[in-house]
Amino acid sequence: MSVQKIKIKFYSKKLFNLIGLNGLLLILIFSINNQTNAQIPKKRVVMISIDGTPDFMIDKFLENGVLPPNGAFAKMKKNGAFASTVLPINVASTGPSHISIFTGASPSKTGIVGNRFRNNNQNWNSPNLLAFNQPIASETIFQAAMRQGKKVMTLAGVGIDYTNKNRMTDYMHMYPNICGPSLIIDLQVTDTTINSRDVESFIKLKSTTKSPSKAVFEISGNFKIPLYLYLKDRMFNPMYLPNQLTEIIVDTDDDLKNGYMTTIDTQNWSGMEIEKEGKKFNTSFRILKSDEKTGKFQLFMTAPAEVYGAPNGFLEKLQSVCGLWPGEPENRKQTSGLITEQIWLEQLDKLSKYSKNLILAGMKEKEWDLLFGYFSTLDDVQHRYTLTNPRQIDYKADNGNRPKIYAEIIEKRFQKIDAYLLEIINALPKETNLIIFSDHGMIPIHSTLLLNNYFEAAGFNDSKQNITATSSGNSAHIYINKEKIKTLDFKSYLNRLTDALKSLKDNKTGEPIFELVANQQQQKEYGLYNAEYSGDLFVSCKPGYSISDKFLPEVNFLVQNSFDPKMFENENQATKNFLLNGTMNETGRGVHGCIATLREGQPIFYAIGPDVPKKEIINMYSLQIAPTVAKLLGIQPPMNAELKSGF
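All values reported here derive from a predicted model rather than from experimental measurement.

## Re the sheet that holds strand β7 (residues 171-173)
Here we have nine strands laid out as an open sheet, ordered β20-β7-β6-β21-β1-β22-β32-β2-β33, and mixed in their pairing. Taken across any chain shown, the strands that pair with only one partner, and hence form the sheet edges, are β20 (309-310) and β33 (615-617). The sheet contact formed by strand β2 (residues 81-83) and β33 spans three bridges and is parallel. Residue pairing across strands places phenylalanine 82 opposite glutamate 616, the latter belonging to β33.

Shown next as structure tokens:
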């Protein structure tokens with residue numbers, strides 16, 4: 001910043017005598033501050049997490065032209081800073097990774113040691129803890145910024161909700177909390193017709209006896225609201241057109257005179273918001289099947305989710321621009337065949353666009369210094385469609401064409417995110433710096449290890465509650481029940497368990513399954529040991545394996561995984577049920593949760609803006625992201641941050 005000369009005109013000696021030397025100094029300081037403030041622009045930072053984006057894939061797509069040379073990633077790489085290697089924390093999974101990125105602190109300090117874990121003092125029969133709602137033991141960049149007078153806006157994210165004031169920001173759109181079941185409702189017309197204002201007529205619909213779901217909007221454990229469904233009688237309308245779309249009306253009472261909740265047609269999704277007990281819940285509808293001749297229809301309702309925003313009116317303002325939250329892709333319903341791949345991809349793309357629109361709408365607000373946005377798109381699509389390892393049982397499906405088909409589905413979503421980021425770059429307020437990062441990469445998986453099943457088979461007696469594992473993709477914490485294994489036997493038990501895990505080998509290759517088997521002392525070297533939450537052992541698999549912590553005695557402890565029921569149709573029913581109901585990071589074709597050195601699991605870091613140097617960072621740690629944001633904001637980093645800025 002250039003220094004300008006300050007001209008002070010003395011009108012008379014009388015003025016100087018009146019104000020004195022101190023007064024003159026105050027005038028000088030005031031004048032300098034005014035001129036300086038006029039020259040210093042407002043420092044702003046937008047930070048965006050693109051969940052599950054592997055660094056090696058961005059490199060490959062930029063090199064082979066999947067990502068265009070004039071796109072966002074190419075622009076950031078040419079004109080900004082990027083890391084050629086980013087080392088995540090040593091359990092690179094969504095919950096612990098994001099919390100460590102936000103705090104700049106390793107799991108040993110945050111207490112978030114996995115996606116799922118336990119407190120060493122909790123009752124053995126009590127449920128596992130989740131990274132997404134567990135208290136964070138370290139200050140986040142959001143708290144640090146607000147503590148230092150900055151205005152913070154968060155538009156969905158891990159650890160950002162209303163459960164504690166330390167998890168809230170000045171402006172926030174909480175990532176919606178799924179709190180009820182999605183529905184597939186088979187419907188048929190009835191003999192009941194309702195006329196409204198002599199211009200509309202509706203035919204009442206009812207769910208069939210064999211419908212997969214009943215027409216009930218349910219918030220699990222809290223309340224149920226019956227849904228009243230009607231077919232719009234187009235023949236009643238004198239303006240009826242032969243090609244007019246079928247429309248179904250959804251309401252929450254049986255009185256259409258007071259209006260209805262939403263209208264769905266055969267080509268579009270339609271959202272609905274229900275307010276109950278002071279909370280708001282969003283869901284979306286889609287007509288899956290429609291046959292007016294037979295009077296039969298099938299309706300899909302996404303899982304209800306609680307939405308929350310602060311301060312008052314902020315959520316409503318975002319919704320007026322972006323609409324209602326569209327819902328997450330329904331993975332299990334696609335696996336079971338209740339929804340098609342097309343519907344799943346529509347859900348994926350709708351959420352992607354919504355996330356982009358939230359960021360664009362948020363940036364138009366005036367009072368913010370730090371804005372955080374989030375995309376789950378690439379994580380979701382890779383969990384389901386990563387198919388690059390010849391050992392995956394889908395690899396030769398579709399006459400050997402499935403890997404290519406799936407690769408194109410993934411590539412299209414990378415292109416979409418690249419285009420959305422370019423929109424955001426072009427809309428950035430003046431003097432705003434942008435930081436793009438991911439929490440982890442993605443590893444192709446051919447087998448799922450049911451670790452608690454292995455303990456039972458190996459004689460460590462999980463069913464007798466001697467031991468249990470909590471998984472985070474391809475890693476897990478293992479806890480030994482100290483009440484069952486007495487102090488005198490503990491060391492021997494731990495040593496036998498360690499040897500059994502290290503000697504566990506793939507039945508086809510003879511290679512060890514685990515990359516790391518670490519006791520609590522060794523966990524300290526990996527930044528994982530927390531006295532309250534770490535397991536007695538921590539394990540992480542080699543590429544190709546994920547871990548399930550389910551205990552299912554009728555399922556082999558090592559299972560080839562897939563989301564395609566045709567691939568496992570010859571398995572026993574227990575195995576079929578396990579794979580049909582597997583989670584994305586348990587039986588997915590791609591998972592995460594690896595240690596930092598695994599290349600496929602390494603994330604991205606890109607930055608661009610007036611204060612960002614043109615620089616390639618050879619080795620960067622995800623723990624440097626929060627200090628980098630702090631430097632660009634001109635504030636001190638979070639209190640427990642372990643490393644310095646990346647540039």
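And the narrative resumes.
## Things to note about the pairing of strand β17 (residues 279-291)
Bridge count for strand β16 (residues 270-276) against β17 is seven bridges, and the pairing is antiparallel. Paired with glycine 271 across the bridge in β17 is serine 284. Hairpin geometry of β16 and β17 is characterised by an intervening segment of two residues between the two adjacent antiparallel strands and by a positive phi of about 55 degrees at glutamate 277. As paired strands, β17 and strand β19 (residues 305-307) are joined by three bridges and run antiparallel to one another. In the strand pairing of β19, asparagine 282 is matched with alanine 305. The pairing of β17 with strand β18 (residues 296-301) spans six bridges and is classified as antiparallel. When the bridges of β18 are listed, serine 290 appears paired with phenylalanine 297. Taking the residues that link successive antiparallel strands as the turn, the β17-β18 hairpin has four residues, and the phi of glycine 295 there is positive, at about 70 degrees.

## A closer look at the packing of helix α10 (residues 377-385) against helix α11 (residues 402-427)
Orientation of α10 relative to α11, taken along the N-to-C sense of each, is 175 degrees, at an axis distance of 10 Å. Accordingly, the angle class assigned to the pair α10 and α11 is roughly antiparallel. Contacts from Thr377, Leu378, Val381, Gln382, Arg384 and Tyr385 in α10 reach Tyr406, Ile409, Ile410, Arg413, Phe414 and Ile417 in α11. Each residue belonging to the contact of α10 with α11 can be placed in one class, and the counts come to eight nonpolar, two polar and two charged.

## Considerations on unusual backbone geometry
Trans peptide bonds make up most of the peptide bonds, and negative phi angles are found at most residues other than glycine. Note that the residue after alanine 310, namely proline 311, is joined by a cis bond; omega there is 0 degrees. The residue proline 311 is located in the loop between β20 and α7 (314-322) in this model.

## Here's the deal with α7
Among the residues of α7, those classed as buried are Phe314, Leu315, Leu318, Gln319 and Cys322. Down the axis of α7, the sector holding all buried residues measures 135 degrees, keeping them to one side. Within α7, the exposed residues directed more than 90 degrees away from the buried face are Ser320 and Val321. After α7 finishes, the residue glycine 323 shows a positive phi value of roughly 85 degrees.

## Digging into the sheet that holds strand β27 (residues 514-519)
Reading across from one edge, β25-β26-β28-β27 is the order of the four strands in this open sheet, with antiparallel pairing throughout. Because the sheet does not close on itself, it has two edges, and the strands there are β25 (467-472) and β27. With direction set aside, neighbouring strand axes in the sheet form an average angle of 20 degrees. Sheet topology note: the β27/strand β28 (residues 537-541) ladder contains five bridges and is antiparallel.

## Considering the environment of cysteine 179
Looking at the secondary structure, you find cysteine 179 in the loop between β8 (177-178) and β9 (183-196). Put simply, cysteine 179 and glutamate 306 are 127 residues apart on the chain and 6.8 Å apart in space, counted from C-alpha to C-alpha. When neighbours within four sequence positions are excluded, cysteine 179 is seen to be in contact with Glu218, Ile219, Ser220, Phe281, Pro304, Ala305 and Glu306.

## Details of the pattern of salt bridges
In the structure shown here, the tally under the stated rule is 22 salt bridges. In this structure, aspartate 55 and arginine 599 form a salt bridge, with 2.9 Å as the shortest nitrogen-oxygen distance. With aspartate 55 in helix α2 (residues 55-64) and arginine 599 in the loop between β31 (590-591) and β32 (605-608), this pair connects stretches of sequence that are 544 residues apart. You can call aspartate 55 buried: its relative accessible area is 1%. Given a relative accessible area of 33%, arginine 599 falls into the partly exposed group. The salt bridge partner of aspartate 506 is arginine 391, with a shortest N-O separation of 3.1 Å. Of this pair, aspartate 506 sits in the loop between α13 (487-502) and β27 while arginine 391 is found in the loop between α10 and α11, placing the two residues 115 residues apart along the sequence. Exposure remark for aspartate 506: the relative accessible area of 3% places this residue in the buried category. Exposure remark for arginine 391: the relative accessible area of 24% places this residue in the partly exposed category.

## What to know about the confidence of the model for the protein chain
Should pLDDT be low for a region, the predicted coordinates there are not to be read in detail. Chain-level pLDDT for the protein chain is 92 on average; 92% of the residues reach the 70-or-more range. Every residue in residues 24-32 scores below 50 in pLDDT, and together they form seven contacts with partners more than four places removed in sequence or on other chains. pLDDT under 50 marks residues 34-39. Its contacts with residues more than four places away, or in other chains, come to six contacts.

## Some points on the environment of tryptophan 368
Tracing the backbone through its elements, the reader meets tryptophan 368 in the loop between α9 (341-363) and β21 (370-375). The class for tryptophan 368 is buried, based on a relative accessible area of 0%. Among residues more than four places away in sequence, those in contact with tryptophan 368 are Lys42, Arg44, Val45, Val46, Lys151, Met153, Gly362, Met363, Pro429 and Thr432. A polar side-chain atom of tryptophan 368 sits 3.4 Å from the main-chain carbonyl oxygen of methionine 363.

## Re the packing of aromatic side chains
One pass over the full model with this rule turns up 21 aromatic pairs. Between phenylalanine 82 and tyrosine 606, the ring centres sit 6.1 Å apart and the planes meet at 20 degrees, which makes this aromatic pair stacked. A residue pair is termed long-range when its members are at least 10 positions apart, and phenylalanine 82 in strand β2 and tyrosine 606 in strand β32 qualify at 524 residues. Both residues of the pair, phenylalanine 82 and tyrosine 606, count as buried. Pairing phenylalanine 460 with tyrosine 493 gives two aromatic rings, centres 5.6 Å apart and planes at 85 degrees, and the pair type is edge-to-face. One end of the pair, phenylalanine 460, is in the loop between α12 (451-457) and β25; the other, tyrosine 493, is in helix α13, and 33 residues separate them in sequence. Taken as a pair, phenylalanine 460 and tyrosine 493 share a single burial class, namely buried. In this structure an aromatic cluster arises from ring pairing among Phe102, Phe142, Phe372 and Phe437. Sitting over the ring of tryptophan 124, arginine 118 keeps its end group 5.3 Å from the ring centre. Looking at lysine 276, its charged tip hangs above the ring of phenylalanine 223, at a distance of 5.8 Å from the centre.

How each quantity is defined
Residues numbered from 1 in each chain as written. Predicted model: local features only at pLDDT ≥ 70, side-chain atom pairs only at ≥ 80, totals over all residues. Heavy atoms only, no water. Pairing = 2+ DSSP bridges. Helix = DSSP H or I, 4+ residues; strand = E, 2+ residues; numbered from the N terminus. Axes fitted to C-alpha atoms, helices over the stretch in contact; angles between N-to-C directions. Parallel < 35°, antiparallel > 145°, perpendicular 65-115°, else oblique. Contact = heavy atoms within 4.5 Å. Nonpolar A, V, L, I, M, F, W, Y, C, P; charged D, E, K, R; others polar. Buried < 20%, exposed > 50% of the residue type's maximum accessible area, 1.4 Å probe, protein only. Arc of directions from axis to C-beta. Salt bridge = Lys/Arg side-chain N within 4 Å of Asp/Glu carboxyl O. pLDDT = per-residue confidence, 0-100. Polar contact = N/O pair within 3.5 Å; in protein donor to acceptor, adjacent residues only side chain to side chain. Phe/Tyr/Trp six-rings, centres within 6.5 Å; stacked < 30°, edge-to-face > 60°. Lys NZ or Arg CZ within 6 Å of the ring centre and 35° of its normal.

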